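Structural characterization, general
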Amino acid sequence: MKKRAFIGKERAEELAKKYPTPFHLYDEKGIRDNAKKVVEAFSWNEGYREFFAVKATPNPFILKLFKDYGCGCDCSSLAELKLAEAAGYSGEEIMFSSNETPAEEYAYASKLGAVINFDDITHIEYFEKNVGALPKTISCRFNPGGYFSIANSIMDNPGESKYGMTKEQIFEAFGILKEKGVEKFGIHAFLASNTVTDEYYPELAGQLFKLAVELKEKTGAHIAFINLSGGVGIPYKPDQKENDIIKIGEGVKKRFEEILVPAGMGNVRIYTEMGRFMMGPYGALLTRAIHKKHIYREYIGVDACASNLMRPAMYGAYHHITVLGKEDAPCDSVYDVVGSLCENNDKFAIERNLPQIDTGDLLYIHDTGAHGHAMGYNYNGRLRSAEVLLREDGSDMLIRRAETLKDYFATLDCFDEFKGLFED
Ligand SMILES: *Cc1c(COP(=O)(O)O)cnc(C)c1O
């Protein structure tokens, strides 16, 4: 399927006058239409809630949009808890799914009344010692080990992942927690990332539902919710098929009716914690070609770099590129599209077929709405870009300004010579 930009050249050039490139642009209409569909897909389940994974796009304006669809927030650190709080989320609208958690973060989550998801059995004692009495509702994260596979194809390797409790541990944990007065339980698992298939959630749900029935029978725990976490993917590549969230919801419903309903557990709530699926396709990084270089390969140098979008450098991830104004031009040139970092992995595209690019062209790097700006860093003294929201009515709104040198040097305020040098 041909990947289309959600903005044309003319409007993008207008925006680039107001917000110097590079910047991330988010499409409010796309975000809202998708969120509506997600809620519809699970509307069969009373109490369903999507807890948007804050780490994907930690911007309070974005978090607020999801409020309109009854979403909550999934947080994993103090900063993310504060963001969720600032965006107006409280109590059980906040899921705290962290690991290697410092005591003060548990304390803050507890103060907000967030649902705490223990990553390990030892955290029960750690929490009691360092924070105090356990909340009445507790979730535990499960890791089945081995490989996670669907129809004989291996999707991921939980046996090598640091998260969650073994099966024996989760039984023991529920027993201990129950004895200590916990009344409502949840089960959480995240077994595969960026799955581009409609079978991931249903397969995971099947496994967790069976575990839930066993946990209820053996420990007597009241299982209030099952959290399928994140992992629903998006088609970064043009040849990939988009997930159908309605079908995914139906697949989970089928397992729910087969496994939980006959066990008398038809009132269990289904939770999800999607990040990528909620935001990925509805963000783009806009950057301008500023150099062309011809050596052993053809290079296009752009004004963005891996500090604006780390996924290609970090995972070799593919992000599609549209040259604005040349959407239908033949892709008869082969380029490496590169940023300025002194790291040869700072490449947004490697030997990619693209239309002929001229300096000054605006490039639209697709699918940066999740884990894009969020993973930004400051290597080489590069600054993180602005985030702009393209509103439903076509207007635009700056939802995070670009960093300045003053921000960059703020932590050197102990060095007197910097004082006054970076006033703007
Ligand atoms: C990263 C993460 C998510 C979101 O994952 P996506 O792949 O973006 O959907 C959800 N829950 C937890 C605990 C995570 O760490």
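Refer to the structure printed above.
Notes on the structure in this doc start here. As the structure is a computational prediction, the values presented were derived from the model and not from experiment. (Residues numbered from 1 in each chain as written. Predicted model: local features only at pLDDT ≥ 70, side-chain atom pairs only at ≥ 80, totals over all residues. Heavy atoms only, no water.)

What follows deals with the overall build of the chain. Broken down by element type, the chain carries twelve helices and 19 strands. Here the chain has a C-alpha radius of gyration of 23 Å; the compact-globule value for 424 residues is 22 Å, and the two agree. For the chain, the proportion of its 424 residues judged to be buried stands at 52%. Carbon and sulfur atoms form 50% of the exposed surface of the chain, whose accessible area is close to 19000 Å². Distance from the positive charge centre (51 side chains) to the negative charge centre (63 side chains) of the chain: 2 Å. (Helix = DSSP H or I, 4+ residues; strand = E, 2+ residues; numbered from the N terminus. Rg over C-alpha atoms; globule rule 2.2 N^0.38 Å. Buried < 20%, exposed > 50% of the residue type's maximum accessible area, 1.4 Å probe, protein only. Areas by Shrake-Rupley, 256 points an atom, 1.4 Å probe, with all protein chains shown as cover. Lys, Arg positive; Asp, Glu negative; His and termini not counted. Charge placed at Lys NZ, Arg CZ, Asp CG, Glu CD.)

With respect to the helices, strands and loops of the structure, Lys-3 is situated in the segment before α1 (9-18). Among the polar contacts listed, one links the side chain of Lys-3 to the backbone oxygen of Pro-235, at a separation of 2.7 Å. Side-chain polar atoms of Lys-3 contact the side chain of Asp-367, separated by 2.8 Å. The contact partners of Lys-3, leaving out residues within four places of it in the chain, are Pro-235, Tyr-236, Lys-237, Pro-238, His-320, Thr-322, His-366 and Asp-367. (Polar contact = N/O pair within 3.5 Å; in protein donor to acceptor, adjacent residues only side chain to side chain. Contact = heavy atoms within 4.5 Å.)

A separate point is the site of the ligand. Neighbouring residues of the ligand: 15 residues in total, closest Lys-55, Glu-273, Gly-275, Arg-276 and His-371. One of the side-chain N or O atoms of Asp-74 is found 3.1 Å from a nitrogen atom in the ligand. Relative to its unbound accessible area of 390 Å², the ligand is 91% covered by the protein chains. Its residues assigned to classes, the shell around the ligand comprises three nonpolar, seven polar and five charged. (Near = heavy atom within 4 Å. Nonpolar A, V, L, I, M, F, W, Y, C, P; charged D, E, K, R; others polar.)

The full count for this structure, using the stated rule, is 29 salt bridges. In this structure, Arg-32 engages Asp-68 in a salt bridge whose closest nitrogen and oxygen atoms are separated by 2.8 Å. In this pair, Arg-32 is assigned in helix α2 (residues 28-41) and Asp-68 in the loop between α3 (60-67) and β3 (72-75), connecting sequence segments 36 residues apart. In this structure, Glu-403 engages Arg-384 in a salt bridge whose closest nitrogen and oxygen atoms are separated by 2.9 Å. Highlighted residues: Glu-403 in the loop between β19 (396-400) and α12 (405-408) and Arg-384 in the loop between β17 (362-365) and β18 (386-390), separated in sequence by 19 residues. Overall, the relative accessible area of 22% leaves Glu-403 in the partly exposed class. Connected through shared salt-bridge partners, Glu-28, Arg-32, Asp-68, Arg-391 and Glu-392 make up one network. (Salt bridge = Lys/Arg side-chain N within 4 Å of Asp/Glu carboxyl O.)

Here the focus is the side chain of Asn-45. Tracing the sequence through the fold places Asn-45 in the loop between α2 and β2 (49-53). A polar side-chain atom of Asn-45 sits 3.0 Å from the main-chain carbonyl oxygen of Val-268. In this view, Asn-45 contacts Phe-256, Val-268, Arg-269 and Ile-270; residues no more than four positions away in its chain are not counted.

Those residues of α3 lying buried are Ile-62, Leu-63, Leu-65 and Phe-66. Projected onto a plane normal to the axis of α3, the buried residues spread over an arc of 150° and lie on a single side. Its side-chain oxygen at 2.9 Å from the backbone nitrogen of Phe-61, Asn-59 defines the N-terminal cap of α3. (Arc of directions from axis to C-beta.)

Attention now moves to unusual backbone geometry. Cis geometry is found at the peptide bond from Thr-21 to Pro-22, where omega equals 0°. With a phi close to 65°, Asn-380 is a non-glycine residue in the positive phi region. Relative to the assigned elements, Asn-380 resides in the loop between β17 and β18.

For the coordinates displayed, the defined rule picks out 19 aromatic pairs. Centre to centre, the rings of Phe-52 and Phe-66 are 4.6 Å apart; their planes meet at 35°, and the pair counts as tilted. In this pair, Phe-52 sits in strand β2 while Phe-66 sits in helix α3, placing the two residues 14 residues apart along the sequence. Considered together, Phe-52 and Phe-66 belong to a single accessibility category, that of buried residues. Here the aromatic cluster, defined as three or more aromatic residues joined through ring pairs, consists of Phe-42, Trp-44, Tyr-48, Phe-148, Tyr-200, Tyr-201, Phe-209 and Phe-256. One residue, Lys-67, lies across the ring of Tyr-89, its end atom 4.9 Å from the ring centre. (Phe/Tyr/Trp six-rings, centres within 6.5 Å; stacked < 30°, edge-to-face > 60°. Lys NZ or Arg CZ within 6 Å of the ring centre and 35° of its normal.)

Attention shifts here to α2. Its 14 residues give α2 an end-to-end C-alpha distance of 20 Å, which sits within 8% of 20 Å, the value for a rise of 1.5 Å per residue. Of all the positions in α2, only Glu-28, Gly-30, Ile-31, Arg-32, Asn-34, Ala-35, Val-38 and Ala-41 are classed as buried. Structurally, α2 contributes buried residues whose contacts are with β1 (23-27), α3, α9 (245-260), α10 (276-279) and β18. (Expected span 1.5 Å × (residues − 1).)

What follows deals with the packing of helix α4 (residues 78-86) against helix α5 (residues 103-112). Helix-helix packing: each pair is described by the crossing angle between the helix axes and the interaxial distance. Running from N to C, α4 and α5 cross one another at 20°; their axes reach a closest spacing of 9 Å. It follows that α4 is roughly parallel to α5 by the angle criterion. The interaxial crossing formed by α4 with α5 has left-handed handedness. From α4, Leu-78, Leu-81, Lys-82 and Glu-85 reach across to α5, where they touch Glu-105, Tyr-108, Ala-109 and Leu-112. Tallied by class, residues from the contact of α4 with α5 come to five nonpolar, no polar and three charged. (Axes fitted to C-alpha atoms, helices over the stretch in contact; angles between N-to-C directions. Parallel < 35°, antiparallel > 145°, perpendicular 65-115°, else oblique. Left-handed = near helix turned anticlockwise from the far one by under 90°.)

Attention shifts here to the layout of surface pockets. In this model, the largest pocket occupies a volume close to 1000 Å³. Taken together, 39 residues line the largest pocket, and the ones lying closest to its centre are Lys-55, Tyr-163, Phe-190, Ser-193 and His-371. If you list the elements that add at least two residues to the lining of the largest pocket, you get β3 and α11 (311-315). Its residues assigned to classes, the lining of the largest pocket comprises 15 nonpolar, 16 polar and eight charged. Counting contributing residues, the lining of the largest pocket receives three or more from each of domain 1 (28-279) and domain 2 (281-412). Approximately 400 Å³ is the volume found for the second largest pocket. Lining the second largest pocket are 23 residues, with Met-1, Lys-3, Glu-242, Pro-281 and Asp-367 sitting closest to its centre. (1 Å grid on protein atoms, 1.4 Å probe; cavity = no way out; pocket = protein on both sides within 12 Å on 5 of 7 lines; lining within 4 Å. Points joined across faces, edges and corners; volume = space filled by probe spheres on them. Domains from an automatic or database assignment.)

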